[in-house]
Amino acid sequence: MPEGHTLHRLGRLHQRRFAGTEVVVSSPQGRFADGAARVSGQVFTRASVWGKHLFHHYGHGPIVHIHLGLYGTFAEQPTPMAEPVGQVRMRLVGADYGTDLRGPTACEVIDELQVADIVARLGPDPLRKDADPGLAWKRITKSRRPIGGLLLDQRVIAGVGNVYRAELLFRHGIDPRRAGTAVGEAEFDAAWTDLVSLMKVGLRTGKIIVVRADHDHGAPSYGPGKPRTYVYRRAGDPCRVCGDTVRTAVMEGRNVFWCPTCQS
């Protein structure tokens, strides 16, 4: 599932490509046909993002809410666009560029009140200027759930996914199994500041870069074209810092990774 920086990059791209122009919206697949008809021909005024939720705002009030989920993707091409290929939920075409949306969890037309309802259920987004980390801290310090589970709860912090979760906890020496109530305020403040910095790098580069320069060597990354990680998808491999074996377990339905020595 894309992490928050990916949605913010998409929001900025769509802002550049479409804001201020009249766009044509369709649903080649048919599942968004009614929604597409409501916004097609209107002026795309702006794109906004909160966590993993992308919003396309239109001139006469309607808003297209998009959540990519596990499989959603956007594919851009210059106009005139080629015929749609595969199950395209939404095609958005501007003057010079168009984009096809495939496989999202959500693609729906909503209004401002519904946007407010969605945002009210989310925690602070580290990439938003209006983020209030105090809201996340209040939820963490009152919970006995493991901090590894809390970090993936979008009601606590919006936009964090499995990679940032694993790597942030490693960088701060926090065992993902530790209860939220056992995380100190100074630890949280340091981790929040680091998370903001890491996600800004992701926003700028399009990559999750978490390994410090003096550790960025040795075993390759878990996937082609991916930067190295400390623990994410490295179960059974030696820790890049201490050499102990990286461990994994299932936590609240997701795989979590940690070093038992560095995160003791």
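Residues numbered from 1 in each chain as written. Predicted model: local features only at pLDDT ≥ 70, side-chain atom pairs only at ≥ 80, totals over all residues. Heavy atoms only, no water.

As annotated in an unreviewed UniProt entry, the protein chain carries the name Endonuclease 8 1 and is attributed to Mycolicibacillus koreensis. Per UniProt, the comment on the protein chain under Sequence similarities (unreviewed entry) is "Belongs to the FPG family." According to its UniProt record, the protein chain has this under Cofactor (unreviewed entry): "Zn(2+)". (UniProt positions renumbered as here; feature names shortened; annotations may be inferred.)

Engineer: Explain the sheet that holds strand S6 (residues 73–78) to me, and be specific about the residues and the numbers.
Structural biologist: The antiparallel open sheet is built from 4 strands, whose spatial order is S2-S7-S8-S6. Whereas interior strands pair on both sides, the edge strands pair on one side only; in this sheet they are strand S2 (24–26) and S6. Adjacent strand axes in the sheet meet at a mean angle of 15° when their direction is disregarded. Sheet analysis places strand S7 (residues 88–93) next to strand S8 (residues 97–102), joined by 5 bridges and oriented antiparallel. Residue pairing for S8: Arg91 is matched across the bridge by Asp100. Helix H1 (residues 4–18) contacts S6, S7 and S8 of the sheet and is inclined by roughly 145° relative to S8. (Pairing = 2+ DSSP bridges. Helix = DSSP H or I, 4+ residues; strand = E, 2+ residues; numbered from the N terminus. Axes fitted to C-alpha atoms, helices over the stretch in contact; angles between N-to-C directions. Contact = heavy atoms within 4.5 Å.)

Engineer: Quick one: what's the story with the nonpolar core, residue by residue and with numbers?
Structural biologist: It is characteristic of soluble globular proteins that their nonpolar side chains tend to be buried jointly. By size, the foremost hydrophobic cluster in this structure holds 37 residues, and its most contacted members are Ile147, Ile157, Tyr164, Phe188, Leu195 and Val231. Sorting elements by how many residues they give to this core places helix H7 (residues 185–205) first, with 8 residues. Setting aside residues up to four positions removed in sequence, Ile157 forms contacts with Gly123, Pro124, Pro126, Ala136, Leu151, Trp192 and Leu195. Counting 22 residues, the second largest nonpolar core, distinct from the first, contains Val25, Val39, Phe74 and Leu101. (Core = buried A, V, L, I, M, F, W, Y, C linked by side-chain atoms within 4.5 Å. Buried < 20%, exposed > 50% of the residue type's maximum accessible area, 1.4 Å probe, protein only.)

Engineer: Run through a nonpolar patch on the surface, naming residues and quoting values.
Structural biologist: A contiguous nonpolar patch, built from Met1, Leu70 and Tyr71 and spanning about 380 Å² of accessible area, is present on the exposed surface. If you trace the backbone, Met1 turns up in the segment before H1. (Patch = residues over 30% accessible without salt bridge, like charges linked within 9 Å, V, L, I, M, F, W, Y side chains within 5 Å. Areas by Shrake-Rupley, 256 points an atom, 1.4 Å probe, with all protein chains shown as cover. Salt bridge = Lys/Arg side-chain N within 4 Å of Asp/Glu carboxyl O.)

Engineer: So what about unusual backbone geometry? Which residues, and what values?
Structural biologist: Omega for the peptide link from Thr79 to Pro80 comes to 0°, which places this bond in the cis form. If you trace the backbone, Pro80 turns up in the loop between S6 and S7. Here the phi dihedral of Glu252 falls at roughly 50°; this positive angle occurs in a residue that is not glycine. Residue class for Glu252 comes out partly exposed when judged on its relative accessible area of 48%.

Engineer: Which residues make up the state of the cysteines, and what values do they have?
Structural biologist: Per the stated rule, a full pass over the model turns up 0 disulfides. We note that Cys239 lacks a disulfide partner, and the nearest cysteine sulfur, in Cys262, lies 3.8 Å from it. Judged by relative accessible area, Cys239 falls into the buried class, the value being 5%. (Disulfide = S-S within 2.5 Å.)

Engineer: Any chance you could break down the packing of helix H4 (residues 133–141) against H7 for me, citing the residues and the numbers?
Structural biologist: Viewed as axis vectors pointing N to C, H4 and H7 meet at an angle of 135°, and their least axial separation amounts to 11 Å. In terms of orientation, H4 and H7 fall into the oblique class. Note on packing geometry: the crossing formed by H4 with H7 is right-handed. Along the contact surface, H4 presents Pro133, Ala136, Trp137 and Ile140, while H7 presents Glu185, Phe188 and Trp192. Looking at the contact of H4 with H7, its residues break down into 6 nonpolar, no polar and 1 charged. (Parallel < 35°, antiparallel > 145°, perpendicular 65-115°, else oblique. Left-handed = near helix turned anticlockwise from the far one by under 90°. Nonpolar A, V, L, I, M, F, W, Y, C, P; charged D, E, K, R; others polar.)

Engineer: Report on the pattern of salt bridges, specifying residues and quantitative values.
Structural biologist: Any two side chains of opposite charge can pair, on the condition that their charged atoms come close. Per the stated rule, a full pass over the model turns up 11 salt bridges. Among the salt bridges present, the one from Asp100 reaches Arg91, with a minimum N-O distance of 2.7 Å. Neither Asp100 nor Arg91 differs from the other in exposure class; each is buried. Arg145 is the salt-bridge partner of Asp153, the closest N and O atoms lying 2.8 Å from each other. Here Asp153 falls in the buried class, since its relative accessible area comes to 11%. Using a relative accessible area of 28% as the deciding quantity, one classes Arg145 as partly exposed. Through salt bridges with shared partners, one network takes in Arg145, Asp153, Arg155 and Glu252.

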